[in-house]
Amino acid sequence: MLPDRSQGAVPGWDRRGFIGSLAAGALAAAWAPLEAADEPSAPAAVLPHGIGPGPVSAPHFPSRLHACVWRNWPLIPAGQLARVLGAPPRELRRLARLMGLRDQPRLAPVLLRRGYITVIRRNWHLLPYSQLLELLGWNADRLAYTLQEDDFLWIKLGGHKPDCPPLRWHPPTGAEEMGAAALGRIVRSEIPDPANAMGDQPFTFVRTLSETPLHRGKSRPSPVPSSPLRFCYSYFASYGDPLLEPGLDPYPDGYLARLAACGVTGVWLQGVLSRLSPFPWQPSQSVHHGERRRNLAELVRRADHHGIRVFLYLNEPRSLPNAFFTAHPELRGVTEGDRSTLCTSHPDVAAYLTGAIHGLCRAVPDLGGFFTITASENLTNCWSHGAGAACPRCARPGPAAVIAGVNSAVARGIASAGGKQRLIAWDWGWGDGWAGDAIRALPRGISLMSVSEWSLPIERGGVKAVIGEYSLSTIGPGPRARRHWAIAREQGLRTVAKIQAANSWELSPLPYLPVLENVALHAGRLRHEGLEDVMLGWTLGGYPSPNLEVVAEVMAGGRLEDVAARRFGPAANAVLTAWRACSEAFREFPFDGGVVYSAPLQLGPANPLWEAPTGHAASMVGFPHDALDAWRGPYPPEIFSGQMRKMEAGFSAAARHLAGELGALPDVPHPMRRDAEEQGELARVAALHFRSVANQSDFVRLRRLLSQPGAAHQRSGRLDEMERLLEDEIAAAKELHGLQCRDSRIGFEASNHYFYLPVDLAEKVLNCRDLLTRWLPVERRLPG
């Protein structure tokens, strides 16, 4: 999800400037037609390129070829990789073994189908588009659609494609052979199974969650249709077009049963309206819409069996390439780069929205409903990105009327089809200057949803800030949500709280964060506020966790202690102590919108270190690179790393204490003991991420100081500290490698797939060893 683009919604963080720096030129690229073509298009014709630096280097590998083999070894079968590189398969396998990689296990095709973003990301700085398409087995249109529609993958990748020359096999030189052999010695000495050939393979958790769950003692009663709405996104759904790939079921029955047992009563997935209903001006966009509707209806039927309603997320109507408006100039609204809006103030466009929703509701009558985002994400209505004054139809009514009008058009479609579906208007991106008017203009029967913790003032490390993004370290509700809910109630509208119950962009590569005290406090305050309905998370946080169960329990009048007793039995008090310690430590998070989107929080120890500045900006939860000033937001460098170390200390202490307590409790039943141990393991993973962010920040800060004049003793001391940081990064990477090899959930998030794999953590060891043995001795010989 993009940061909110509204002006003045929350002081303290310039969202428009931030998103502008991320997306400058990114969304203005020429994109592919919405439906993939039968024949591949020429990559240059449809794929964006942008403007930016060249690919980042990886000097710890003997060549780019070695880096490509290493990074793709856990995901791409050797034969397929050999074809892309033009390599003899036997020689490719020999090269891999020389670097210390074990023979590949049987790699299931599902790895590429479920993990394509991981494949794209790890080859973005290695391969040109042509070879990337060959590696994926896609045509250019499909990749272009993915870059745009998969939760803004193009922006996450930096908004430009580095210019990588074609990578072709060549017999390794003598120096490259020696370099590869040296890597192999390090690997065999320090990480004998670098690519995790023997451990828990990627996406193993999908099979586990899909199985019918075993009931362990008492569980929450199944939700009933009248239950309050508590809805979440699938932990492992494909974001882009999940209704057209039946083999990638976003909500298998076993998973739905587990969610229901945690008190979840709703799930959601993205709906692109032109994919689900006929698009009158360009019917080719709606190919397969009937199949998508049938698959949606089947999902609705299965979910209903578990007492769960299905909702679609709408960000409509989607903008179109400028060429479309040559034949339909009367429909054009505002232009942003190479795309323009379908102006919703034109009666034909409003009628299209109403009719498309009407047809969808008639085709899937038991659909739970929709929620809309109307002032952020894709360019949709003329005011969606704040530029509606450029539209002759939308300028005069203004953003409040136009955005209320979009929601009204959807509401009319629901009503004309029988009115069973619920419509939730999300105020994400609505500016303070007009949000109240927009709420007052919404039709009766709509619900108003607001991010609960927004606009809360905080002070972390002596730095004052204001929450303007999702936060699990801050306990809402805040003044903005309270103000908007009050206006909605005055209009007779129902209200919904948007929270992050399990994790957030503060730290997303864990299935959930063991900060249950924060979750319980937030849920209790929402109950006190009179809220019943809750969106439990954006694309992250849908794992069937104790966090989700605590929200349901507390909002129904129960307590955190009740969930702990039900899940952990005799170990409940030990786990409660750990939850409270982790929650307290997490409240030290140095929150800022730039921090959560730019810092290496998601990659942790997998983010490399460089001997010299890369020249690359940090991208949104994608490539942090070494952009320290973007990572830290308003926090001074030492304060930023200090806050990370406070959290690391708190989470580590909680994990140690819990392990000791469990060791003194011999009578805990095995399933409960295993669940309790998991709390400590996840606390340890979080601690390693925070520790690594601090290490990387201190390393970059010290690297800068090396280039500044100073006394020789200062330079020597700084190099000593950098050496210590490199050794500590090796230790953190090795420990996290072991944890991820045992738990395939670590490193994964639904809209980003795997941020890192064990092979990336092993690469970090090689990266740091290279800096210790090649770069650091040279620096020590330089004069102070």
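Residues numbered from 1 in each chain as written. Predicted model: local features only at pLDDT ≥ 70, side-chain atom pairs only at ≥ 80, totals over all residues. Heavy atoms only, no water.

1. Some remarks on helix α15 (residues 289-305)
Reasoning step 1: Between the first and last C-alpha of α15 there are 25 Å, a value that for 17 residues agrees with the 24 Å anticipated at 1.5 Å per step.
Reasoning step 2: Residues of α15 that are buried include every one of R292, R293, L296, L299, V300, R302 and A303, and no others.
Reasoning step 3: On its buried face, α15 is in contact with α13 (253-261), β2 (266-270), α14 (273-276), β3 (309-314) and α16 (347-363). (Helix = DSSP H or I, 4+ residues; strand = E, 2+ residues; numbered from the N terminus. Expected span 1.5 Å × (residues − 1). Buried < 20%, exposed > 50% of the residue type's maximum accessible area, 1.4 Å probe, protein only. Contact = heavy atoms within 4.5 Å.)

2. A look at the packing of aromatic side chains
Note on aromatic pairs: each is described by the distance of the centres and the angle between the planes.
Reasoning step 1: All told, the structure shown has 41 aromatic pairs when counted by the stated rule.
Reasoning step 2: For the ring pair F231 and F311, a centre distance of 5.4 Å and an interplane angle of 35 degrees mean the geometry is tilted. Linking F231 in strand β1 (residues 230-233) with F311 in strand β3, this pair joins segments that are 80 residues apart in sequence. You'll find F231 and F311 in the same group, each marked buried.
Reasoning step 3: Consider the rings of W428 and Y470, whose centres lie 5.3 Å apart with planes at 40 degrees: the pair is tilted. A residue pair is termed long-range when its members are at least 10 positions apart, and W428 in the loop between β8 (422-426) and α18 (435-441) and Y470 in the loop between β11 (463-466) and α19 (479-490) qualify at 42 residues. Across the pair, Y470 and W428 agree in class, each one buried.
Reasoning step 4: In this structure an aromatic cluster arises from ring pairing among F231, Y233, W268, F311, Y313, F371, W426, W428, W454, Y470 and W538. (Phe/Tyr/Trp six-rings, centres within 6.5 Å; stacked < 30°, edge-to-face > 60°.)

3. Brief notes about the sheet that holds strand β12 (residues 494-498)
Reasoning step 1: Read around the closed barrel, the 8 strands follow the order β1-β2-β3-β7-β8-β9-β12-β13; overall the barrel is parallel. Each strand axis lies, on average, 25 degrees off the axis of its neighbour in the sheet, ignoring direction.
Reasoning step 2: Against the sheet, helix α17 (residues 398-416) contacts β3, β7 (369-373) and β8, and its axis sits at roughly 170 degrees relative to β8.
Reasoning step 3: In this fold α19 packs onto β9 (447-451) and β12, with an angle of close to 175 degrees to the strand it touches most, β9. (Pairing = 2+ DSSP bridges. Axes fitted to C-alpha atoms, helices over the stretch in contact; angles between N-to-C directions.)

4. As for the side chain of R745
Reasoning step 1: Mapped onto the elements, R745 comes out in the loop between α28 (712-742) and β14 (748-749).
Reasoning step 2: Its relative accessible area of 7% is what places R745 among the buried residues.
Reasoning step 3: A distance of 2.9 Å separates a polar atom in the side chain of R745 from a polar atom in the side chain of Y543.
Reasoning step 4: For R745, the contacting residues outside a window of four places in its chain are F205, Y235, P509, P511, Y512, Y543 and E678. (Polar contact = N/O pair within 3.5 Å; in protein donor to acceptor, adjacent residues only side chain to side chain.)

5. Comments concerning the nonpolar core
Reasoning step 1: Counting residues in each nonpolar core, the largest one holds 256 residues, and the members touching the most others are W430 and W538.
Reasoning step 2: Considering each element in turn, this core owes the most residues, 15 residues, to helix α27 (residues 670-706).
Reasoning step 3: Formed by 8 residues, the second largest nonpolar core is a distinct cluster that contains C343, L379, C391 and V402. (Core = buried A, V, L, I, M, F, W, Y, C linked by side-chain atoms within 4.5 Å.)

6. Let's talk about helix α3 (residues 64-72)
Reasoning step 1: Along α3, 8 of the 9 residues are buried, which leaves the element largely enclosed by surrounding structure.
Reasoning step 2: Taken together, the buried positions of α3 are L65, H66, A67, C68, V69, W70, R71 and N72.
Reasoning step 3: Residues of α3 that are buried in the fold lie against α4 (78-85), α5 (89-98), α7 (116-123), α8 (129-136), α11 (174-190) and α29 (758-781).
Reasoning step 4: One side-chain oxygen at the N-terminal end of α3 lies 3.2 Å from the backbone nitrogen of L65; it belongs to S63.

7. Description of the environment of E532
Reasoning step 1: Residue placement: E532 occurs in the loop between α20 (516-529) and β13 (533-535).
Reasoning step 2: With a relative accessible area of 52%, E532 lands in the exposed category.
Reasoning step 3: When the C-alpha atoms of E532 and L296 are compared, they prove to be 27 Å apart, with 236 residues separating the residues in sequence.
Reasoning step 4: Ignoring sequence-local partners within four residues, the contact set of E532 consists of P228, L229, R230 and M555.

8. A word on the pairing of strand β5 (residues 332-336)
Reasoning step 1: Where β5 and strand β6 (residues 339-342) come together, 3 bridges link them in antiparallel fashion. When the sheet's bridge partners are listed, T335 is paired in β6 with S340.
Reasoning step 2: Hairpin connection, β5 to β6: the antiparallel pair is bridged by 2 residues, and G337 has positive phi, about 65 degrees.

9. Here's the deal with the packing of helix α23 (residues 572-586) against α27
Reasoning step 1: Between α23 and α27, the least distance of the axes is 10 Å, while the angle of their chain directions is 20 degrees. By the criterion of interaxial angle, the relationship of α23 to α27 is roughly parallel. Between α23 and α27 lies a crossing of left-handed hand. Contacts between α23 and α27 involve V575, W579, C582 and F586 from the first element and A676, Q679, A683 and F690 from the second. (Parallel < 35°, antiparallel > 145°, perpendicular 65-115°, else oblique. Left-handed = near helix turned anticlockwise from the far one by under 90°.)

10. Topic: the pattern of salt bridges
Reasoning step 1: This model, assessed by the stated rule, comprises 48 salt bridges.
Reasoning step 2: With its nearest N and O atoms 3.5 Å apart, the salt bridge here joins R483 to D432. Taken as a pair, R483 in helix α19 and D432 in the loop between β8 and α18 lie far apart in primary sequence, 51 residues in all.
Reasoning step 3: Classification of D432 as partly exposed rests on a relative accessible area of 33%.
Reasoning step 4: Overlapping salt bridges bring together E190, E727, K734 and R769 as one network. (Salt bridge = Lys/Arg side-chain N within 4 Å of Asp/Glu carboxyl O.)

11. A look at the sheet that holds β5
Reasoning step 1: One open sheet accounts for 3 strands, arranged β4-β6-β5; its pairing is antiparallel. The open sheet terminates on both sides in strands that have one partner only, identified here as β4 (320-321) and β5.

12. Section: the state of the cysteines
Reasoning step 1: Going through the model one piece at a time under the given rule, you end up with 0 disulfides.
Reasoning step 2: Residue C391 stays outside any disulfide, its sulfur separated by 3.7 Å from that of C343, the closest cysteine.
Reasoning step 3: Of the cysteine sulfurs around C582, a residue in no disulfide, the closest is that of C262, at 19 Å.
Reasoning step 4: The buried category is assigned to C582, whose relative accessible area is 2%. (Disulfide = S-S within 2.5 Å.)

13. Digging into the confidence of the model for the protein chain
Reasoning step 1: Taken as a whole, the protein chain shows an average pLDDT of 92; of its residues, 92% reach a score of 70 or greater.
Reasoning step 2: Confidence drops under a pLDDT of 50 for residues 5-40, and excluding neighbours within four residues, the segment shows 94 contacts in the predicted structure. (pLDDT = per-residue confidence, 0-100.)

14. Re the pairing of β9
Along any regular strand, the residues point their side chains to alternate faces of the sheet.
Reasoning step 1: Within β9, 5 of the 5 residues are buried, which leaves it mostly tucked inside the rest of the structure.
Reasoning step 2: Burial along β9 is two-sided: the residues S447, M449 and V451 and L448 and S450 are all buried.
Reasoning step 3: The sheet contact formed by β8 and β9 spans 3 bridges and is parallel. Bridge pairing links A425 to L448 in β9.
Reasoning step 4: Direction of pairing for β9 relative to β12: parallel, over a ladder of 5 bridges. Across the sheet, M449 pairs through a bridge with V496, a residue of β12.

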